[in-house]
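Now for the letters of each chain:
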There are 2 protein chains.
Amino acid sequence: MADLFSRYSGEPLYIQLYMYYRDMIIGGSLKAGDKLPSVRKCAAEFAVSKMTVENAYMQLTAEGYVNARSQSGYYVPEISDMTVPYAPADRGEAEENRFVPKYDLSGSSADKECFDFNLWQKYVKYALRCSDRLLSYGDAQGEYDLRAAISEYAAQERGVVCSPSRIVIGAGVQTLIQLLCSLDPERSDVIFTGAQFEQGSAVFRDYGYRVLRGMDEYSSGSHVSFVYASPSRSNEFCDVMNISDRASLLNFARKKDCIIIEDDYDSEFCYFSRPVSSLQGLDGGINVAYIGTFSRLLLPSIRISFMVLPEKLEQRYADRAGFYNQTASKTEQIALARYITDGKLVTQIRKARKHYETKAEIMKSRIKRELGPEFVRISDSGFMVFFDLKTDVDAVGAIEKLRRCGLVVKDIRQAEQNKLRVFVSSASIQQDDIEISVILLKKALFI
Amino acid sequence: MADLFSRYSGEPLYIQLYMYYRDMIIGGSLKAGDKLPSVRKCAAEFAVSKMTVENAYMQLTAEGYVNARSQSGYYVPEISDMTVPYAPADRGEAEENRFVPKYDLSGSSADKECFDFNLWQKYVKYALRCSDRLLSYGDAQGEYDLRAAISEYAAQERGVVCSPSRIVIGAGVQTLIQLLCSLDPERSDVIFTGAQFEQGSAVFRDYGYRVLRGMDEYSSGSHVSFVYASPSRSNEFCDVMNISDRASLLNFARKKDCIIIEDDYDSEFCYFSRPVSSLQGLDGGINVAYIGTFSRLLLPSIRISFMVLPEKLEQRYADRAGFYNQTASKTEQIALARYITDGKLVTQIRKARKHYETKAEIMKSRIKRELGPEFVRISDSGFMVFFDLKTDVDAVGAIEKLRRCGLVVKDIRQAEQNKLRVFVSSASIQQDDIEISVILLKKALFI
């Protein structure tokens, strides 16, 4: 035993043993799911008493490095379940890249309070019982019952003109863009309007398209394949696109015989005050490919998106559909179909809207009280609060200061000299944490 | 009531009501998840007694058109759970396209007997409890714990040279091919060796590659980006590629500075008798992109595949990784990681191998006894039995005759005049059904 544990010498035996295993787990020599040797075996191996081993294992258990399973033994848990930072050793990530904010005001993850996990779990369990369906590959276009449910939902909630046969399911927006590319033999220009969507333009570039950032970059001679737009988030303030801009976009598409891709990102939350139909609905479904996603509505980890094909691509898709496999999880498709037809999605949207609205209002009022900004506003989307703040700190310095206080925000920009525009989202943060996060914001930006 | 049900007149009232709802369900006016009106409401609406409604609903329940849920009412079940054929009305599919074989000898779906659903369900439930992980988007490359588990598995079982950082997860093989295309700026030739894989070549064509069918089509001048090979299923008989062919493939790749894509499809079942290391392992991981999938091992509906990047693409991937979202279900990734680290995957493979081996042996012996073919052989993969049969029927006629008997086989080819080569798979069929399916095969081909 002396050899093995010399570097921990001076400590009680059980602490030496505890440190030995702890370091193996942190260092990755023992991985998630690995089992520690039995108490008897470990005692024999290191020539210590069983009591010593038991004490060491208890210490490891108490600190979360291993889990005890009855009748089975001690196991290393999932890395994310442990208290040590989630840091795969072989990626060589620098320390700063692993920053995990204490308070996330960037809106990048979902709010636990708002989603009924137990209910979703029931639907997944229901899907798992559909064993006959899970034994086969399923419909390449997406499960029929899900397409039927989405068709009804999109028509009712967003005025989308559709039928199950025109809906294609995919694991995320990129998958659907890839499909659109494969249906277009021309591969000429794509115009991205509004906020840039790097992961979207990357796909188009891969397929040989020229990507233009905004209508300004377009010169009238060239051929346009697609215009990419998010009318529900048309600018940096996440405001919705007004009706005259919508009409001119549709006119452009008709004149140029190109397809508008309407990425209706977060639309369910963008119309608190003034519901506007989808572009696709305004257009009658001719020139618009409508894309919707369920990641924000349910869980970011549910990778189910859908596209309503424009009328003019329907036949081309039917001809080529056999070449493309479905990417979305069939289990989750079945679960979601039932979840929608049981009316749970609509209930969840209503609940989430109310919840996010409340949080944004609290955020706004706390910012007003604590920071006394020149102005403060909630975006149309209901997620985002932004405000202007007089301060000597510049944008880069502010981000660093926030970071040191354990905060991350959506964006900070230099509005003018000695004035910052700060964008915070209340989407990810829990209601009870809003107050403390705003106080930390104040502390970071003023001190 | 007379108006509504006139077309069913002459029948008892409860039968009329039953037919009315039955036709609405078959016709699609009532969809999966829809609720029938309450007994009280229905009785009031059609001015009949509650007893009449109850009798009608009982009839519908008995025949599987609706399910009764206690304290809640009567609901239309999932279409696939009903006895009527799964036939979405709006797809306009011709009757023959909807043929569902009584006995599937094509091997296109998995075998229910072989997969422990309850166990898998437990792992998915475990994953559903990891609520903190499910609230975020997760790692674009694939969950770290899954990559670590796969890394160990692929190294042990297939001699693959890898580490978690070189593994990319994706929802299906096509997704991984798309990623490879995006990492290759050249887009020149792709050579598909062995059996054609249409869904693979479709992706390459979409990205602008020229697809060559076999080494014969290659003329030595042109630049080759990729060679696509399945050494575990190198020919029509699903035989494994021999070692000298493997070596010459690797030499070709080194000489031409191209990448071999090793699609190790079904490899877990291809090495009953003679385990051969993966091409990637032979190569030391330099020029080979290794692709594996879990659809056959577990469920076809689990869309999780993985790729081990060749050394020379590792840096290029790291530079571009941020542009590509993960497509595989995070829940299923978490479940699968634990399933593998708990040793369940290896157990499942052993069990499935034995099971498929037994079925193939039974299939072969029954074919021998019933059909007395000139020769009969089990392929290396253990799934496929093929045999030659003297008959006047030609291949097309034989397929049609089998179809009429409710059978579908993997393939039938004209070996020579008056001789057919028939390929059947025992993968999808249950053990108890092998005998009857071979008897039907005999009936179809001889009568």
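Calculation rules
Residues numbered from 1 in each chain as written. Chains lettered and ligands numbered in written order. Predicted model: local features only at pLDDT ≥ 70, side-chain atom pairs only at ≥ 80, totals over all residues. Heavy atoms only, no water. Axes fitted to C-alpha atoms, helices over the stretch in contact; angles between N-to-C directions. Helix = DSSP H or I, 4+ residues; strand = E, 2+ residues; numbered from the N terminus. Parallel < 35°, antiparallel > 145°, perpendicular 65-115°, else oblique. Left-handed = near helix turned anticlockwise from the far one by under 90°. Contact = heavy atoms within 4.5 Å. Nonpolar A, V, L, I, M, F, W, Y, C, P; charged D, E, K, R; others polar. Least-squares fit on C-alpha atoms with pLDDT ≥ 70 in both. Buried area = accessible area lost by both parts, 1.4 Å probe. Salt bridge = Lys/Arg side-chain N within 4 Å of Asp/Glu carboxyl O. Buried < 20%, exposed > 50% of the residue type's maximum accessible area, 1.4 Å probe, protein only. Pairing = 2+ DSSP bridges. Core = buried A, V, L, I, M, F, W, Y, C linked by side-chain atoms within 4.5 Å.

Draft legend 1. Focus on the packing of helix α15 (residues 395-404) of chain A against helix α16 (residues 434-446) of chain A. Residue and element names in this part refer to chain A. Close contact between α15 and α16 brings their axes to 9 Å; oriented N to C, the two are set at 130 degrees. Comparing the axis directions of α15 and α16 gives the class oblique. Here the hand of the crossing between α15 and α16 comes out right-handed. Along the contact surface, α15 presents Ala398, Lys401 and Leu402, while α16 presents Leu441, Ala444 and Leu445. Its residues placed into classes, the contact of α15 with α16 shows five nonpolar, no polar and one charged.

Draft legend 2. Representation of the relation of the copies chain B and chain A. Relative to chain A, chain B is turned by 180 degrees and slid 0.0 Å along the rotation axis, the superposed coordinates differing by an RMSD of 0.1 Å. When the rotation and shift are considered jointly, the pair of chain copies conforms to a two-fold rotation axis. Mapped onto chain A, 100% of the interface residues of chain B are again interface residues, and the two copies thus contact each other with one and the same surface.

Draft legend 3. Structural context of the interface of chain B and chain A. Contacts between chain B and chain A engage 73 residues on the former and 73 residues on the latter. With both sides pooled, the region where chain B packs onto chain A buries about 6600 Å², and carbon together with sulfur makes up 47% of that total. Contact with chain A buries surface across chain B, with B:Leu135, B:Tyr137 and B:Asp206 losing the most and accounting together for 11% of the total. Counting across the interface, chain B meets chain A through four salt bridges. With a closest N to O distance of 3.2 Å, A:Arg320 and B:Asp206 form a salt bridge.

Draft legend 4. Representation of the pattern of salt bridges in the model. This structure, assessed with the given rule, holds 40 salt bridges over all chains. With its nearest N and O atoms 2.6 Å apart, the salt bridge here joins B:Lys312 to B:Asp257. Taken together, the residues B:Lys312 in helix α12 (residues 311-320) and B:Asp257 in the loop between α10 (243-256) and β8 (259-263) connect sequence positions 55 residues apart. With a relative accessible area of 33%, B:Lys312 lands in the partly exposed category. Among the residues examined, B:Asp257 registers a relative accessible area of 52% and is labelled exposed. Linking B:Asp411 and B:Arg413 is a salt bridge whose minimum nitrogen-to-oxygen distance equals 2.8 Å. Of the residues examined, B:Arg413 reaches a relative accessible area of 31% and is grouped as partly exposed. Ionic contacts of the salt-bridge type, sharing partners, join the residues A:Arg366, A:Arg369, A:Glu370, A:Glu435 and A:Lys442 into one network.

Draft legend 5. Local environment of the sheet that holds strand β14 (residues 411-416) of chain A. Residues and elements named next belong to chain A. Spatially, four strands are ordered β11-β12-β15-β14 in an open sheet, and the strand pairing comes out antiparallel. In this open sheet, the two strands that pair with only one neighbour each are β11 (375-378) and β14. Averaged over neighbouring strand pairs, the angle between their axes works out to 20 degrees when direction is ignored. Pairing geometry for strand β12 (residues 384-390) and strand β15 (residues 419-425), over seven bridges, is antiparallel. Bridging across to β15, Lys390 finds its partner in Lys419. Sheet strands in contact with helix α14 (residues 344-371) are β11, β12 and β15, and its direction is about 10 degrees off that of β12. Running over the sheet, α15 touches β14 and β15 and is turned about 145 degrees from β14.

Draft legend 6. Region of interest: the environment of B:Val168. Residues and elements named next belong to chain B. Among the secondary structure elements, Val168 is positioned in strand β4 (residues 167-170). Looking at Val168, the relative accessible area reads 3%, which means it is buried. Distance in space between the C-alpha atoms of Val168 and Gln326 is 9.0 Å, their sequence separation being 158 residues. Beyond its immediate chain neighbours, meaning those up to four positions away, Val168 contacts Gln141, Leu176, Leu179, Ser305, Phe306, Met307, Leu309 and Tyr317.

Draft legend 7. Quick peek at the nonpolar core. Residues A:Trp120, A:Phe294, A:Leu298, B:Trp120, B:Phe294 and B:Leu298 are the most contacted members of the largest nonpolar core, which totals 78 residues. If we ignore the near neighbours within four places in the chain, the residues touching A:Trp120 are A:Phe115, A:Leu298, A:Leu299, A:Ile302, A:Glu332, A:Ala335, A:Leu336, A:Tyr339 and B:Leu128. Among the nonpolar cores identified, the runner-up in size contains 54 residues, and A:Tyr317, B:Val190, B:Ala289 and B:Ile291 belong to it.

Draft legend 8. Seen up close, the side chain of A:Gln178. Tracing the chain through its elements places A:Gln178 in helix α8 (residues 173-183). What A:Gln178 contacts, discounting residues up to four positions off in sequence, is A:Val203, A:Tyr207, B:Gln178 and B:Tyr207.

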